[in-house]
Amino acid sequence: MNENLDRSFWEDTPFYWRHIIKRNNFTGAPALKQENWRQVVVRYQNSSTIRSIWEIANSILPYFALLALMVISLEYSYWLTLLLVVPTSGFLVRIFIIFHDCGHGSFFKS
């Protein structure tokens, strides 16, 4: 048992994570100090209009293409349509995240 972590941590940790924690000698300390995190995220502080438009385009266009494929696949197989639901729903979640950021005014320059 790692001595730097208290007993309650080990009791609440699932067995499969215990092996990973011990193998990587995890001490419970943060990997980066706050100053270092600022250096990592500084390039994401300002929005880019070109990048924002690209992110919307590469989310909405595949989403509608997959929706069209789903409608077409209904004529052939419901199982194929159900299989297409998985990537389509992934794009829907991505679109929700983008529009959520737009609602907060953080996706485009205001």
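Predicted model, so just to flag it, every value in this text is computed and none were measured.

1. Describing the side chain of Ser59
And then number 1: Assignment of secondary structure puts Ser59 in helix H4 (residues 49–73).
And then number 2: We classify Ser59 as buried; its relative accessible area is 0%.
And then number 3: At 2.5 Å, the side chain of Ser59 forms a polar contact with the side chain of Arg94.
And then number 4: Contact partners of Ser59, with chain neighbours within four places excluded, come to Phe91, Arg94, Ile95 and Ile98.

2. Considerations on H4
And then number 1: With 25 residues, H4 should reach 36 Å at 1.5 Å per residue; the first-to-last C-alpha distance of 36 Å fits that figure.
And then number 2: Residues of H4 that are buried: Ser52, Glu55, Ser59, Tyr63, Leu66, Met70 and Ser73.
And then number 3: Here the buried face of H4 lies against helix H5 (78–103).

3. What to know about the packing of H4 against H5
And then number 1: Across the interface, H4 lies against H5 with an axial gap of 9 Å and an inter-helix angle of 155 degrees. Looking at the two axes, H4 sits roughly antiparallel to H5. Relative to H5, the crossing made by H4 is left-handed. Of H5, the residues touching H4 (which contributes Glu55, Ile56, Asn58, Ser59, Ile60, Pro62, Tyr63, Leu66, Leu67, Leu69, Met70 and Ser73) are Leu80, Thr81, Leu84, Val85, Pro87, Thr88, Phe91, Leu92, Arg94, Ile95, Ile98 and Phe99.
And then number 2: Per-class residue counts for the contact of H4 with H5 are 17 nonpolar, five polar and two charged.

4. Here we look at a nonpolar patch on the surface
And then number 1: A cluster of nonpolar side chains, Trp37, Val40, Val41 and Tyr44, forms an exposed patch at the surface whose accessible area comes to about 410 Å².
And then number 2: Looking at the secondary structure, you find Trp37 in helix H3 (residues 34–41).

How each quantity is defined
- Residues numbered from 1 in each chain as written.
- Predicted model: local features only at pLDDT ≥ 70, side-chain atom pairs only at ≥ 80, totals over all residues.
- Heavy atoms only, no water.
- Helix = DSSP H or I, 4+ residues; strand = E, 2+ residues; numbered from the N terminus.
- Buried < 20%, exposed > 50% of the residue type's maximum accessible area, 1.4 Å probe, protein only.
- Polar contact = N/O pair within 3.5 Å; in protein donor to acceptor, adjacent residues only side chain to side chain.
- Contact = heavy atoms within 4.5 Å.
- Expected span 1.5 Å × (residues − 1).
- Axes fitted to C-alpha atoms, helices over the stretch in contact; angles between N-to-C directions.
- Parallel < 35°, antiparallel > 145°, perpendicular 65-115°, else oblique.
- Left-handed = near helix turned anticlockwise from the far one by under 90°.
- Nonpolar A, V, L, I, M, F, W, Y, C, P; charged D, E, K, R; others polar.
- Patch = residues over 30% accessible without salt bridge, like charges linked within 9 Å, V, L, I, M, F, W, Y side chains within 5 Å.
- Areas by Shrake-Rupley, 256 points an atom, 1.4 Å probe, with all protein chains shown as cover.
- Salt bridge = Lys/Arg side-chain N within 4 Å of Asp/Glu carboxyl O.

As far as function goes, none of this settles anything; it's purely spatial.
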